[in-house]
Amino acid sequence: MRARAAIDLTVRIGPLRLANPVLTASGTFGYGDEAAHLVDPARLGGVVTKTVTLKPRAGNPPQRIAETAGGMLNSIGLENVGLERFRLEKVPRLAALRATIVASIGGETPRELERILEALGAEPSIAGFEINFSCPNVARGGARYWAMPRRLERTLARLRPLTRAALIAKLSPDVTSIGDLAIACEQGGADAITAVNTFVGMAVDLARMRSRLGRATGGLSGPAIKPLALARCAEAAAAVGIPVIGSGGISSGRDALEFIAVGAAAIQVGTASFLRSRAALDVLDEMTALLIARGVKRLGEWRGALRADAPPVRRRASPRPARPAAARRGVVARVSSAR
Amino acid sequence: MRARAAIDLTVRIGPLRLANPVLTASGTFGYGDEAAHLVDPARLGGVVTKTVTLKPRAGNPPQRIAETAGGMLNSIGLENVGLERFRLEKVPRLAALRATIVASIGGETPRELERILEALGAEPSIAGFEINFSCPNVARGGARYWAMPRRLERTLARLRPLTRAALIAKLSPDVTSIGDLAIACEQGGADAITAVNTFVGMAVDLARMRSRLGRATGGLSGPAIKPLALARCAEAAAAVGIPVIGSGGISSGRDALEFIAVGAAAIQVGTASFLRSRAALDVLDEMTALLIARGVKRLGEWRGALRADAPPVRRRASPRPARPAAARRGVVARVSSAR
Amino acid sequence: MIASPAAWRQVEARIARHADYGHDHRWLDLEVPAQFPPPAPGQFVQLLLPEPSPVLLPRPMSVAGVSSRRASRTLGFLYAPVGVGTRALSALGRGARVSALGPLGRGFPLARPGTPVLIAGGRGVAPLLFAADALAHEGRRCEFLFGARTRGQLVGLAEARARLSRARGRLHLATDDGSRGFRGHVVDLLERLAPRFDPPLVLHACGPHAMLHAVSVWAARHGAEAHVAMESVMGCGTGICRGCPLPRSARARAAFSSGTASLYGNREYAMCCTEGPVFEAGELDWERIE
Amino acid sequence: MIASPAAWRQVEARIARHADYGHDHRWLDLEVPAQFPPPAPGQFVQLLLPEPSPVLLPRPMSVAGVSSRRASRTLGFLYAPVGVGTRALSALGRGARVSALGPLGRGFPLARPGTPVLIAGGRGVAPLLFAADALAHEGRRCEFLFGARTRGQLVGLAEARARLSRARGRLHLATDDGSRGFRGHVVDLLERLAPRFDPPLVLHACGPHAMLHAVSVWAARHGAEAHVAMESVMGCGTGICRGCPLPRSARARAAFSSGTASLYGNREYAMCCTEGPVFEAGELDWERIE
Ligand SMILES: Cc1cc2nc3c(=O)[nH]c(=O)nc-3n(C[C@H](O)[C@H](O)[C@H](O)COP(=O)(O)OP(=O)(O)OC[C@H]3O[C@@H](n4cnc5c(N)ncnc54)[C@H](O)[C@@H]3O)c2cc1C
Ligand SMILES: Cc1cc2nc3c(=O)[nH]c(=O)nc-3n(C[C@H](O)[C@H](O)[C@H](O)COP(=O)(O)OP(=O)(O)OC[C@H]3O[C@@H](n4cnc5c(N)ncnc54)[C@H](O)[C@@H]3O)c2cc1C
Ligand SMILES: Cc1cc2nc3c(=O)[nH]c(=O)nc-3n(C[C@H](O)[C@H](O)[C@H](O)COP(=O)(O)O)c2cc1C
Ligand SMILES: Cc1cc2nc3c(=O)[nH]c(=O)nc-3n(C[C@H](O)[C@H](O)[C@H](O)COP(=O)(O)O)c2cc1C
Ligand code: FES
Ligand code: FES
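Residues numbered from 1 in each chain as written. Chains lettered and ligands numbered in written order. Predicted model: local features only at pLDDT ≥ 70, side-chain atom pairs only at ≥ 80, totals over all residues. Heavy atoms only, no water.

### Thoughts on the site of ligand 3
The line we're drawing: Proximity is defined per residue: if any heavy atom of the residue lies within 4 Å of a molecule or strand, that residue is considered near it. Polar contacts here mean pairs of N or O atoms no more than 3.5 Å apart (in protein, one a potential hydrogen donor and the other a potential acceptor; neighbouring residues in sequence count only if both atoms are side-chain atoms). Throughout, the Shrake-Rupley method with a 1.4 Å probe supplies accessible areas, and for residues the shown protein chains are the sole cover considered. Residue polarity is assigned by list, with Asp, Glu, Lys and Arg as charged and Ala, Val, Leu, Ile, Met, Phe, Trp, Tyr, Cys and Pro as nonpolar; anything else, Gly included, falls into the polar class.
Close contacts around ligand 3 come from 25 residues, with S26(A), T51(A), K170(A), G249(A) and T271(A) the closest. Nearby residues place ligand 3 at the junction of chains A and C. Contact between ligand 3 and K170(A): an oxygen atom at 2.8 Å from a side-chain N or O atom of the residue. Between ligand 3 and G270(A), the relevant distance is 3.2 Å, taken from an oxygen atom to a main-chain nitrogen or oxygen of the residue. Protein contact buries 98% of the 600 Å² of open area that ligand 3 shows by itself. Split by residue class, the shell around ligand 3 holds eight nonpolar, 15 polar and two charged.

Structure representation (structure tokens):
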């Protein structure tokens with residue numbers, strides 16, 4: 001605790017001010033209270049709750065998990081209690097955590113998302129909404145459906161008036177240009193981007209000659225995807241002026257610093273919490289100690305600080321001023337043409 | 001050898017007939033002769049040579065390799081001897097191998113590819129050309145440039161008349177819909193698709209605060225990407241009538257069978273050859289033994305045989321008849337809407 | 001027997017003993033700090049291998065015995081090295097450290113009134129040895145049916161016999177090939193012995209899926225209560241990831257109360273890690289479980 | 001000394017000895033079948049850990065000694081467990097198997113006429129011990145300069161002394177802090193000793209990059225020949241993956257012949273694994289190497 005006094009770790013996400021850049025990733029930390037006896041959610045930058053949908057969802061048939069080299073496939077299928085129960089039962093408990101709560105919400109159509117925000121948008125205990133535009137495990141309203149810049153932009157423009165809380169768009173990595181989608185979200189009014197959700201993957205059970213999951217495909221998370229998530233996070237951060245929250249394979253303070261070095265404003269700890277309940281806190285503590293050891297006084301000094309002599313990652317001042325979209329597109333073009 | 005007599009492993013790729021479905025992946029087996037004292041290339045289904053470009057390329061600055069969890073990033077940057085030297089020096093040696101040679105070719109523009117095929121298209125020792133539409137490590141003419149269905153279709157249509165050898169389009173996984181790109185290639189006249197090349201990734205050297213590679217990004221290969229490659233291979237195979245050649249993290253006979261079960265007609269062994277020089281032969285032998293143990297008489301029985309009760313992967317007869325493009329699009333739509 | 005979900009801890013455990021247990025099985029004694037809550041029979045622990053590890057996720061293991069001293073507790077496990085993770089575990093020597101998360105899930109409801117009949121198949125014997133210990137501790141004796149394909153697969157039979165005699169449990173053996181005890185399936189043995197046991201019978205079973213299914217059918221037919229320890233591939237082990245669903249029976253779906261804590265599952269699926277791993281057999285849809 | 005590229009083999013090697021070697025270093029003896037061609041000093045082997053392994057790629061290691069018997073050969077390695085792979089290697093015991101690919105690359109051109117001056121920094125001593133053995137075998141003696149920051153970092157000094165006395169090499173020590181031998185850098189020691197050595201001098205060096213750079217500068221200034229053992233992150237180790245480039249000097253670029261086998265690199269870059277790891281110092285662009 002004393003250590004952290006020596007450094008300013010705060011992060012701004014639209015109207016939100018996070019005490020530090022370490023959040024839990026949606027679907028990997030429940031509704032914040034399940035592991036609260038081991039991880040005080042109030043010490044974290046924020047808790048992103050399991051994606052909630054308009055109606056309750058029972059989730060996909062078993063198996064829902066298959067381990068692969070350095071990663072895990074999941075096919076949970078957005079099992080959740082649904083909006084009503086979330087509001088009546090979970091929200092009061094979230095309030096009691098005294099933590100910064102970001103509610104993840106999902107929908108099969110823009111209208112469904114609107115209805116959720118109409119119900120929750122003014123909840124004082126919810127500091128922000130992360131919109132799950134990127135679930136690989138649902139038949140409708142999943143990552144493929146939302147991988148269209150115009151759809152994202154229009155949807156966010158409809159959601160924007162419904163809440164004063166932060167609006168965060170969580171994107172899928174399974175797209176040709178995450179920069180283009182991030183720009184669309186920014187133009188639609190998102191306060192931040194989360195990059196990235198899981199990658200679509202498959203695993204085969206040769207003995208039974210079928211998928212090792214109850215569905216044909218699942219979403220890959222964990223250390224295996226870290227290098228991929230890092231590249232997509234860097235691309236998104238280079239494309240937009242709003243903050244980007246990194247997600248994908250982060251399990252140590254060093255991992256967190258890598259994401260922040262390539263431009264992330266904050267990061268999320270996901271699968272790592274299944275291995276070590278305290279993973280998010282450990283990431284925070286290790287990250288803080290490393291920053292202090294390097295004499296960093298403000299997290300902003302680290303953000304985007306990756307040396308520019310290895311083109312094309314640009315050194316960048318932080319916090320960045322909002323730039324006109326055209327200028328930003330120029331940046332994207334540079335980054336992508338260099339791939 | 002005797003074992004293989006008991007089973008028909010042949011695969012048709014356009015005008016080509018491969019003795020078996022195991023090829024080496026471009027860039028991981030040189031020009032076929034480097035390891036010939038340990039791996040007789042003639043025993044393999046084919047050897048795909050290192051991508052050759054119009055001009056020689058020195059490749060990217062060091063470091064070019066960074067290991068990550070279950071995978072490796074490379075930033076080779078298409079180092080190669082260039083068309084002239086390839087034709088004068090490598091082609092005669094390739095001929096001497098008595099193997100099925102697929103020459104990988106790359107270009108920054110359609111015109112460059114044309115010029116290469118004009119020079120090599122009639123070489124009797126080259127049985128096929130794999131067009132690298134998917135290198136993540138070059139500033140121009142890389143994966144991002146080629147991730148456009150119309151550009152692919154038109155380019156292939158220009159290349160098609162230049163050779164009677166098989167034309168194989170190698171695609172990047174870093175796209176929103178590999179099915180759409182595969183369809184474009186098929187319509188442009190490709191005889192097959194290779195799915196997939198490496199995934200764009202990054203790794204950070206925190207001590208020096210810069211990329212662990214000489215460039216900002218590299219391409220991820222190895223076991224870490226297997227589940228992702230498998231999903232993309234399945235999607236491509238469901239989208240087109242031409243054969244799909246699977247690539248990505250294959251290092252055992254079981255891996256090969258997984259790719260073939262989801263619809264691949266053949267597979268490539270890449271990174272695994274860096275670990276075990278004989279990897280491709282070992283994959284072939286293990287795969288063959290497993291098929292025989294299961295009483296399979298023809299490789300075609302296995303292809304696409306993944307059980308259909310885990311939707312949305314379809315059971316499919318093999319070899320599949322060419323279907324009109326419209327019908328095929330229907331399939332793609334089904335597969336992608338189910339994601 | 002319903003553990004409070006928040007009772008679990010995660011600790012660094014030390015390998016105090018790691019020995020062969022016959023027929024390719026291993027016995028593992030893990031020393032954990034006393035702050036690790038005492039597990040109940042049927043509960044499990046998520047074991048995470050030390051870095052660098054060849055696998056990512058922790059592996060669930062039933063507790064097969066517990067002994068407590070002042071500042072520490074020793075948890076016993078009986079396992080088969082079947083895959084990458086368990087084989088890597090089996091290579092660790094005395095003194096090595098693994099992370100232990102637990103105790104997890106709901107154990108066997110041993111307090112149910114009636115004669116406890118413990119039915120073990122193969123390595124399923126692990127949590128039932130622990131259950132017999134616990135019953136003995138309460139001054140109750142049990143009928144212990146232990147079945148396997150063949151004599152060699154009655155894993156750790158000598159040890160089981162010793163522990164059961166201390167626990168005053170009566171051991172009944174069955175092998176499919178008759179190489180030891182009753183010739184036939186352990187559920188056939190149950191069919192034969194049941195009339196001699198004091199009703200009502202409360203069955204507690206652990207073993208291969210087919211055996212548990214047979215136990216469940218037998219119990220339904222005879223109106224006996226049956227509690228079965230299930231398995232599922234797991235992620236977190238704590239109800240958070242929603243990764244370990246088991247389909248509920250029509251009866252359980254109908255009885256499902258919307259007030260059930262979400263940690264335990266939904267109308268369609270129970271979570272193996274929180275609502276189980278021990279289930280009342282009639283709560284599950286056996287046709288849809290593999 | 002240019003190994004034919006096709007001379008390498010891949011074999012399962014057995015760990016015959018694995019011992020501490022002081023200052024956090026380890027000595028590894030690997031027994032390989034006799035079909036594994038005899039390595040030359042400066043050549044290396046790609047060591048692949050057994051499955052399940054926490055790392056993917058093989059790790060390059062210089063051969064530090066060779067002894068041959070009838071049906072087998074023993075290769076010695078001296079290494080530091082610095083990361084995941086080498087630490088996992090260090091945990092393997094006698095009898096364990098690793099895959100060995102080699103011998104790889106070009107070794108030290110020990111046949112060059114002149115006085116061989118071997119210059120080792122820290123664990124760079126490994127291939128030079130082997131070089132001293134080989135010179136002795138040819139009836140030639142060498143001057144052996146061994147430097148480190150401090151006494152403790154003269155890795156395996158006692159063993160080096162013993163082997164050098166057998167090889168009739170003259171050992172000269174340097175430590176930055178003067179805790180053993182000459183106080184100062186090993187290249188300063190070279191500067192001081194060189195006038196006493198029989199010209200022409202042929203330097204063979206292995207050690208940290210800064211030391212090799214200093215050796216290369218010294219050699220250029222004194223018109224001496226210098227051969228340095230370089231390192232690079234590697235993939236294949238055989239010239240196939242093009243993953244281990246070292247930038248050539250302007251001189252080497254100008255002299256580059258387009259007839260050079262492509263396995264060895266191109267005008268811009270040499271491949272460390274095939275054209276090296278031992279390079280004539282003037283062939284590399286030291287400003288662009290880290
Ligand atoms: C609540 C619970 C208690 C258990 N108790 C014991 C015990 O006391 N002793 C014991 O030997 N084993 C027990 N298991 C099974 C044990 O967890 C698996 O054998 C282990 O996870 C396999 O890991 P692996 O890395 O060795 O195998 P992998 O390489 O992961 O897989 C090998 C095979 O095991 C299957 N498998 C993987 N995970 C599980 C799993 N969680 N459950 C069942 N099969 C799985 C895979 O599908 C595959 O067929 C228990 C499982 C659960 C869920
Ligand atoms: C030709 C050659 C000969 C070598 N001979 C020896 C030897 O005799 N004894 C010895 O102790 N080491 C030797 N090395 C270095 C040894 O290969 C590395 O220390 C080893 O690969 C590190 O692997 P790791 O998994 O332990 O470390 P990692 O976890 O992979 O990395 C730890 C650190 O080592 C660095 N590193 C990784 N690979 C290499 C590499 N190939 N070369 C240099 N640094 C690397 C990383 O950048 C990182 O900073 C040699 C390297 C080469 C190229
Ligand atoms: C079991 C599981 C469930 C998940 N559920 C959700 C979810 O409900 N909503 C969401 O936006 N992301 C979900 N994710 C994605 C994670 O939030 C995270 O973005 C992803 O796993 C990558 O990060 P990681 O590698 O650190 O886990 C889930 C991931 C896992 C593994
Ligand atoms: C070092 C290296 C070099 C490669 N060079 C090429 C190349 O020149 N052309 C190409 O099409 N693919 C190239 N690839 C991609 C491989 O052919 C293969 O598609 C990819 O690595 C995925 O398969 P794997 O996981 O089996 O390696 C290269 C891959 C590696 C690792
Ligand atoms: S294993 Fe995570 S919910 Fe059961
Ligand atoms: S390591 Fe592959 S070319 Fe040198």
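### Some remarks on the interface of chain A and chain C
For clarity, the cut-off: Contacts are assigned to residue pairs that have any heavy atoms within 4.5 Å of one another. Simply put, the buried area is the total loss of 1.4 Å probe accessible area from both parts when two parts are fitted together. For this document, the term salt bridge refers to a Lys or Arg side-chain nitrogen within 4 Å of an Asp or Glu carboxyl oxygen. Elements are defined by DSSP. Helices are runs of H or I of four residues or more, strands are runs of E of two residues or more, and each kind is numbered from the N terminus.
Chain A puts 36 residues into the contact, and the matching count from chain C is 35 residues. Buried area between chain A and chain C, both sides added, is near 2800 Å², and the carbon and sulfur share of it is 58%. There are five salt bridges connecting chain A and chain C. Scanning the region where chain A abuts chain C turns up 15 residue pairs in polar contact (both at pLDDT 80 or more). For the side of chain A that touches chain C, the elements supplying multiple residues, two or more each, are β5 (65–68), β6 (71–74), α2 (82–96) and α9 (272–275) of chain A. Classifying every residue of the side of chain A that touches chain C gives 14 nonpolar, 11 polar and 11 charged.

### Overview of the site of ligand 4
Around ligand 4 lies a shell of 25 residues, among which S26(B), T51(B), K170(B), G249(B) and T271(B) are the nearest. More than a single chain frames ligand 4: its nearby residues are located in chains B and D. Contact distances for ligand 4 include 2.9 Å between an oxygen atom and a side-chain N or O atom of K50(B). Taking 600 Å² as the accessible area of ligand 4 by itself, protein coverage stands at 98%. In terms of residue class, the shell around ligand 4 is built from eight nonpolar, 15 polar and two charged.

### Description of the relation of the copies chain A and chain B
Here is the rule: A least-squares superposition brings the copies together, and it is based on the C-alpha atoms of residues with pLDDT no lower than 70 in both.
By a simple turn and slide, chain A fits onto chain B: the slide is 0.0 Å along the axis, the RMSD is 0.0 Å, and the turn is 180°. Seen this way, the second copy is the image of the first under a two-fold rotation axis. Take the interface residues of chain A: 100% of them recur as interface residues in chain B, which is what a same-surface contact looks like.

### Focus: the interface of chain A and chain B
Contacts between the two partners involve 58 residues from chain A, matched on the other side by 59 residues from chain B. When chain A packs against chain B, the two sides together hide about 4900 Å² of surface, and 62% of this comes from carbon and sulfur. For the pair chain A and chain B, the interface holds four salt bridges. In this structure, E235(A) and R144(B) form a salt bridge, with 2.9 Å as the shortest nitrogen-oxygen distance. Summed over the shared surface of chain A and chain B, the result is 13 residue pairs in polar contact (both at pLDDT 80 or more). Looking at the side of chain A that touches chain B, the elements with two or more residues in it are β11 (199–201), β13 (210–211), α7 (226–239), α8 (253–261) and α12 (325–337) of chain A. At seven residues, α7(A) tops the list of elements feeding residues into the side of chain A that touches chain B. Grouping the amino acids of the side of chain A that touches chain B by side-chain chemistry returns 35 nonpolar, 10 polar and 13 charged.

### Observations regarding a negative patch on the surface
Our working rule: Here the term patch refers to residues with relative accessible area over 30% and no salt bridge, with like charges joined within 9 Å and nonpolar side chains (Val, Leu, Ile, Met, Phe, Trp, Tyr) within 5 Å. None of His or the chain ends enter the tally, which takes Lys and Arg as positive and Asp and Glu as negative. A charge is said to be at NZ when it belongs to Lys, at CZ for Arg, at CG for Asp and at CD for Glu.
Together, D176(C), D177(C), D188(C) and E191(C) give the surface a local cluster of negative charge. Structurally, D188(C) can be placed in helix α4 (residues 186–193).

### Quick notes on the packing of helix α2 (residues 125–137) of chain C against helix α3 (residues 157–166) of chain C
Residues and elements named next belong to chain C. Short version of the rule: Between N-to-C directions, angles span 0 to 180 degrees; the directions come from axes that are lines fitted to C-alpha atoms, helices contributing only their stretch in contact. Angle categories are assigned with fixed cut-offs, so that under 35 degrees is roughly parallel, over 145 is roughly antiparallel, 65 to 115 is roughly perpendicular, and the rest are oblique. We call a crossing left-handed when the near helix sits turned anticlockwise from the far one by less than a right angle, and right-handed when that turn is clockwise.
Where α2 meets α3, the closest approach of the two axes is 9 Å, and the angle between their N-to-C directions is 15°. Viewed along their axes, α2 and α3 adopt a mutual orientation that is roughly parallel. Judged by the twist between their axes, the crossing of α2 over α3 is left-handed. Facing L129, F130, A132 and D133 of α2, the residues of α3 in contact are A160, R163 and L164. Class assignment for the residues of the contact of α2 with α3 results in five nonpolar, no polar and two charged.

### Digging into the pattern of salt bridges
The following threshold applies: Remark: exposure states derive from per-residue accessible area (1.4 Å probe, protein chains only) relative to the maximum for the residue type, with buried under 20%, exposed over 50%, and partly exposed in between.
Under the definition given, this model contains 67 salt bridges over all chains. The salt bridge involving E89(A) is made with R85(A); its shortest N-O contact spans 2.8 Å. Of this pair, E89(A) and R85(A) both sit in helix α2, separated by four residues, roughly a single helical turn. Here E89(A) falls in the partly exposed class, since its relative accessible area comes to 23%. The partner of R210(A) in a salt bridge is E290(C), and the shortest N-O contact between them spans 2.5 Å. Of the two residues, R210(A) is situated in strand β13 and E290(C) in the segment after β16 (278–280); the pairing between them involves two chains.

### A few points about the sheet that holds strand β12 (residues 201–206) of chain C
Residue and element names in this part refer to chain C. The condition that has to hold: Should DSSP find at least two bridges between two strands, the strands are taken to pair.
Taken together, the seven strands give an open sheet; going across it, the order is β11-β10-β9-β8-β12-β13-β16, and neighbouring strands pair in mixed fashion. This sheet does not close on itself; its edge strands, each paired only once, are β11 (182–183) and β16. Alignment of strand β8 (residues 115–121) against β12, held across six bridges, turns out to be parallel. Looking at the pairing, T115 lines up with L201 of β12. Each of β8, β9 (143–148) and β12 is contacted by α2, which is oriented at about 155° to β8, the strand it contacts most. Against the sheet, helix α5 (residues 209–222) engages β8, β12 and β13 (225–229), with an angle of about 165° to β12.

### A few points about the environment of A169(B)
All names here are of chain B. The topology assignment puts A169 in strand β9 (residues 166–171). Overall, A169 belongs to the buried group, its relative accessible area being 0%. Sequence-wise, A169 and A195 are 26 residues apart; in three dimensions their C-alpha atoms are separated by 8.6 Å.

### Examining the sheet that holds strand β16 (residues 266–269) of chain A
Residues and elements named next belong to chain A. Pairing is parallel in the closed barrel, where eight strands are placed in the order β3-β4-β7-β8-β9-β10-β15-β16. Averaged over neighbouring strand pairs, the angle between their axes works out to 25° when direction is ignored. With two bridges joining them, strand β4 (residues 46–48) and strand β7 (residues 101–105) adopt parallel strand pairing. Note on β7: the bridge partner recorded for V47 is I101.

### A word on the packing of aromatic side chains
Applicable threshold: Here is the rule: rings of Phe, Tyr and Trp (six-membered ring for Trp) pair when centre to centre is within 6.5 Å. Planes less than 30 degrees apart are stacked, more than 60 are edge-to-face, and the remainder are tilted. Any Lys NZ or Arg CZ found within 6 Å of a ring centre and within 35 degrees of that ring's normal is scored as a charge over the ring.
For the coordinates displayed, the defined rule picks out eight aromatic pairs over all chains. An aromatic cluster is present here, built from F133(A), Y145(A) and W146(A) joined pairwise through their rings. The ring of Y145(A) carries R151(A) above its face, with NZ or CZ at 3.9 Å from the centroid. Residue placement shows R64(B) over the ring face of Y269(D); its charged tip is 5.0 Å from the ring centre.

### Some words on the confidence of the model for chain A
Applicable threshold: On a range of 0 to 100, pLDDT expresses the predictor's confidence in each residue.
On average, residues of chain A score 90 in pLDDT, and 89% of them reach the 70 mark or higher. Across residues 309–339 of chain A, where pLDDT falls below 50, the model places 70 contacts with residues more than four positions away in sequence or in other chains.

### Here's the deal with the pairing of strand β7 (residues 97–104) of chain C
Residues and elements named next belong to chain C. A large share of β7 lies buried, amounting to seven of its eight residues. Here six bridges tie strand β1 (residues 9–20) to β7, and the two strands are oriented antiparallel to one another. The residue bridging A13 from the neighbouring strand is V98, located in β7. Relative to β7, strand β3 (residues 44–48) runs antiparallel, the two sharing four bridges. Of the residues in β7, the one forming a bridge with L47 is A100.

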